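# Summary of the model geometry
Single-letter residue listing:
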Amino acid sequence: MTGNGTGDTEALREEIRRTRVELGETMEALAAKADVKARLKESAEQAKERMREQAAQTVARVRGQAARGAGMARAQAYDKGGLVREKSELVRRNPVPWAAIAAGAVATVVVLMIVRGRRR
């Protein structure tokens, strides 16, 4: 202890100041916990942000799948186009069998119409 007591007084004042700061922080924390409206608002904001993130991820995933599907469709269309070109070239070279098939189909339809007409 010092002779005039100022060392103890300063130490006590410093301890009181720290205690007041700690008490103020504790009161702020308690007030924040007691403010239900603010806590609900914060929870709602967090939930909205999570939903936005999930929606963005879903949109990105769907767009990726659509792009892959479109690429596959283009590839299939290109392949089918090649087959159609091959078949059309075959018909151009030899149209007689295809004409015979078409005539047979027409004859079949005519016969079916005649038979149905007699049944009534």
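Residues numbered from 1 in each chain as written. Predicted model: local features only at pLDDT ≥ 70, side-chain atom pairs only at ≥ 80, totals over all residues. Heavy atoms only, no water.

### Quick look at the overall build of the chain
In terms of helices and strands, the chain carries three helices and zero strands. Computed over its C-alpha atoms, the radius of gyration of the chain comes to 44 Å, more than 25% above the 14 Å expected for a compact globule of 120 residues. Summarising its shape, the C-alpha atoms of the chain cover approximately 130 × 45 × 15 Å along the three principal directions. Residues counted as buried form 2% of the 120 residues belonging to the chain. When the accessible surface of the chain is totalled, it reaches about 11100 Å², and 61% of it is carbon and sulfur. When the 24 basic and 15 acidic side-chain charges of the chain are each reduced to a single mean position, those positions are 27 Å apart. (Helix = DSSP H or I, 4+ residues; strand = E, 2+ residues; numbered from the N terminus. Rg over C-alpha atoms; globule rule 2.2 N^0.38 Å. Buried < 20%, exposed > 50% of the residue type's maximum accessible area, 1.4 Å probe, protein only. Areas by Shrake-Rupley, 256 points an atom, 1.4 Å probe, with all protein chains shown as cover. Lys, Arg positive; Asp, Glu negative; His and termini not counted. Charge placed at Lys NZ, Arg CZ, Asp CG, Glu CD.)

### Observations concerning the pattern of salt bridges
Applying the stated criterion across every chain, the model contains five salt bridges. The partner of Glu14 in a salt bridge is Arg17, and the shortest N-O contact between them spans 2.5 Å. Here Arg17 and Glu14 lie together in helix H1 (residues 6-34), a separation of three residues that amounts to about one turn. On the accessibility criterion, Glu14 (33% relative accessible area) is partly exposed. Residue Glu45 pairs with Lys48 through a salt bridge whose shortest N-O separation is 3.3 Å. Taken together, the residues Glu45 and Lys48, both in helix H2 (residues 36-93) and three residues apart, mark about one turn of the helix. Glu45 sits in the partly exposed class, given a relative accessible area of 40%. For Lys48, a relative accessible area of 41% puts it in the partly exposed group. (Salt bridge = Lys/Arg side-chain N within 4 Å of Asp/Glu carboxyl O.)

### Focus: a nonpolar patch on the surface
On the surface, a nonpolar cluster with roughly 310 Å² of combined accessible area is contributed by Leu23, Met27 and Leu30. With respect to the secondary-structure elements, Met27 resides in helix H1. (Patch = residues over 30% accessible without salt bridge, like charges linked within 9 Å, V, L, I, M, F, W, Y side chains within 5 Å.)

### Things to note about the confidence of the model for the chain
Looking at the chain as a whole, its pLDDT mean stands at 83, while 92% of the residues score no less than 70. Of all helices and strands in the chain, the one with the weakest mean pLDDT is H2 (84), whereas H1 scores best (88). (pLDDT = per-residue confidence, 0-100.)

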